[in-house]
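# Commentary on secondary and tertiary structure
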Amino acid sequence: MVYPDTFEGFAVQSAETWTQPKRTEYTPRPFEDTDIDIKVIACGVCGSDVHTVTGGWGACPYPLVVGHEIVGHVVRVGSKATTGLKVGDRVGVGAQAFACLQCQQCKNDNEIYCKHQLDTYGATFPGGFVSQGGYASHVRVHEYFVFPIPDALDTKLVAPMLCAGATAFSPLYRNGAAPGKKVGIVGIGGIGHFGILFGKALGAEVWAISRSNAKKEDALKLGADGYIATQEKDWAAPHAMTFDLIVNCANSSKNFNLDEYLSLLDVNGKFINVGLPEGDGFQIHPFKMMGNAAVFGFSHIASRKEILYMLELAVEKGLKPWVETVPVGEEGCGTALKRCRDNDVKYRFTLVDYEKAFN
């Protein structure tokens, strides 16, 4: 079989032109024995894509093809691959493309915290090759970070699960979201709406927490048991010390009174952050956490083990994220990135029509 020497994608050229990606041909890193090549058929559009290409999270290795919610078909399997994937399988790739798989973290299913982990796009691999993401014809990824997609999951709906869904699922799963537990989801956007879906799927009582009542109807349709609008006077008082876990999915810390949110936690309750706002982030004083022994922490995407379970749970519970599709291309990618930045979507985009774009 003849394999392509080059891939094509829609690359952002600079921070000033981030809404104008250009069709670009590039050479991927050399194929290794444990790699999988995937022909992309869909890719979610993530807030991380926007933060990266605008330079909001720091220096970006332009030109860059972003996208780390990738669904496609296997077209090449390395000779030493052991995960059982074969040519033609429908698979997914999330935000991570490499880890050492030898350290203590990796051996304990915490490869997302490996010191040698590399991202699906924007990471420099040996030889100086910069990884490119899923707004592209193909991606090349280590087999460990390629996940079989259950037949029951629709391609356009499963794509956003591979980053946004995983980012919401991991802190819920690891921190005990289950029957008898009360969970708050702060920020009802791309990640937050998955927080409601997966919190309910795990059996918890789930409350949506947002600035205003604008998203109350949506949150209840998604399955939330309750809703709190933080713009209302004394909003926190009726809910003081009643939550076991709060997952903060908000992408902004502006006018965010952290003390009020921490007051919602029961003794030893946890406030876990998954949103990554630009700027200085939170300021916190220990005195504000001592009254209820609150735990303040963070979470980063999800492990392979968690993602595989998440996909099984999505099938079992029939989960349906809210997704809008956009044809992949220079115009489509640019429009989706801009609308994502403007929060003009309910609640995720998936790029589609890859066959038309890449023939």
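Our structure's up above, just so we're on the same page.
Keep in mind that what you see is a predicted model, and the values were worked out from it rather than measured. (Residues numbered from 1 in each chain as written. Predicted model: local features only at pLDDT ≥ 70, side-chain atom pairs only at ≥ 80, totals over all residues. Heavy atoms only, no water.)

### Overview of the pattern of salt bridges
Scanning the entire structure with this criterion turns up 18 salt bridges. Across the pair Arg 174 and Glu 306 runs a salt bridge, and its minimum N-O distance is 2.5 Å. Note that Arg 174 is positioned in helix H4 (residues 164–174) and Glu 306 in helix H9 (residues 304–317), a separation of 132 residues in sequence. Classification of Arg 174 as partly exposed rests on a relative accessible area of 36%. Where salt bridges share partners, they join Glu 324, Arg 339 and Asp 344 into one cluster. (Salt bridge = Lys/Arg side-chain N within 4 Å of Asp/Glu carboxyl O. Helix = DSSP H or I, 4+ residues; strand = E, 2+ residues; numbered from the N terminus. Buried < 20%, exposed > 50% of the residue type's maximum accessible area, 1.4 Å probe, protein only.)

### What to know about the nonpolar core
Counting 50 residues, the largest nonpolar core has Val 45, Tyr 135, Val 146 and Leu 351 as the members making the most contacts within it. The greatest single-element share of this core, amounting to five residues, is contributed by strand E3 (residues 35–45). In terms of nonpolar packing, the next biggest core, distinct from the first, is built from 45 residues, Ile 185, Leu 222, Ala 229 and Leu 319 among them. (Core = buried A, V, L, I, M, F, W, Y, C linked by side-chain atoms within 4.5 Å.)

### Notes on the state of the cysteines
Taken as a whole and assessed by the stated rule, the structure comprises zero disulfides. The closest cysteine sulfur to the non-disulfide-bonded Cys 106 is located on Cys 103, 3.6 Å from its own sulfur. For Cys 333, which is in no disulfide, the shortest distance to another cysteine sulfur is to Cys 43 and amounts to 8.4 Å. Judged by relative accessible area, Cys 333 falls into the buried class, the value being 1%. (Disulfide = S-S within 2.5 Å.)

### Describing H4
Most of H4 sits out of view: nine of its 11 residues are buried. Taken together, the buried positions of H4 are Ala 164, Gly 165, Ala 166, Thr 167, Ala 168, Phe 169, Ser 170, Pro 171 and Leu 172. Buried residues in H4 make contact with strand E10 (182–186), helix H5 (190–201), strand E13 (243–248), strand E14 (265–273), H9 and strand E17 (348–352). Among the residues trailing H4, Gly 176 stands out with phi positive, at a value near 90°. (Contact = heavy atoms within 4.5 Å.)

### Topic: the packing of H4 against H9
For the pair H4 and H9, the least separation of the axes is 10 Å and the interaxial angle reads 100°. One way to sum up the angle between H4 and H9 is to call them roughly perpendicular. Between H4 and H9, the contacting residues are Gly 165, Ala 166, Phe 169, Ser 170, Tyr 173 and Arg 174 on the first element and Glu 306, Ile 307, Tyr 309, Met 310 and Leu 313 on the second. (Axes fitted to C-alpha atoms, helices over the stretch in contact; angles between N-to-C directions. Parallel < 35°, antiparallel > 145°, perpendicular 65-115°, else oblique.)

### Quick notes on the sheet that holds strand E11 (residues 205–210)
As a general point, the strands of a sheet are linked pairwise by backbone hydrogen bonds and lie either parallel or antiparallel. Pairing within the open sheet is parallel, and its six strands lie in the order E12-E11-E10-E13-E14-E15. Edge positions in the open sheet fall to strand E12 (226–229) and strand E15 (295–298), since each of these has one partner strand only. Sheet twist, expressed as the mean angle between neighbouring strand axes with direction ignored, is 20°. Of the pairings in the sheet, the one linking E13 to E14 comprises five bridges and is parallel in character. Bridged to Ile 246 within E14 is Phe 271. With respect to the sheet, H4 is in contact with E10, E13 and E14, its orientation differing from that of E13 by roughly 160°. (Pairing = 2+ DSSP bridges.)

### Details of the side chain of Lys 182
Along the chain, Lys 182 falls in strand E10. An unpaired buried charge is present at Lys 182: no salt bridge exists, and Glu 205, the closest side chain of opposite charge, is 4.6 Å distant. Within the structure, the side chain of Lys 182 is placed 3.2 Å from the side chain of Thr 242, a separation counted as a polar contact. When neighbours within four sequence positions are excluded, Lys 182 is seen to be in contact with Glu 205, Trp 207, His 239, Thr 242, Phe 243, Asp 244 and Leu 245. (Lys, Arg positive; Asp, Glu negative; His and termini not counted. Polar contact = N/O pair within 3.5 Å; in protein donor to acceptor, adjacent residues only side chain to side chain.)

### Thoughts on H9
Compared with an ideal rise of 1.5 Å per residue, which puts 14 residues at 20 Å, H9 spans 20 Å between its outermost C-alpha atoms and is within 8% of the ideal. For H9, the set of buried residues is Arg 304, Glu 306, Ile 307, Met 310, Leu 311, Leu 313 and Ala 314. Buried-residue contacts for H9 involve strand E9 (146–148), helix H3 (155–158), H4 and H5. (Expected span 1.5 Å × (residues − 1).)

### Some details on unusual backbone geometry
A cis amide bond links Tyr 62 with the next residue in sequence, Pro 63, at an omega value of -10°. The topology assignment puts Pro 63 in the loop between helix H1 (47–53) and strand E4 (70–77). Unlike most non-glycine residues, Asp 109 shows phi in positive territory, near 60°. For Asp 109, a relative accessible area of 28% puts it in the partly exposed group. Unusually for a residue other than glycine, Met 241 sits at a positive phi of about 55°. Tracing the backbone through its elements, the reader meets Met 241 in the loop between E12 and E13.

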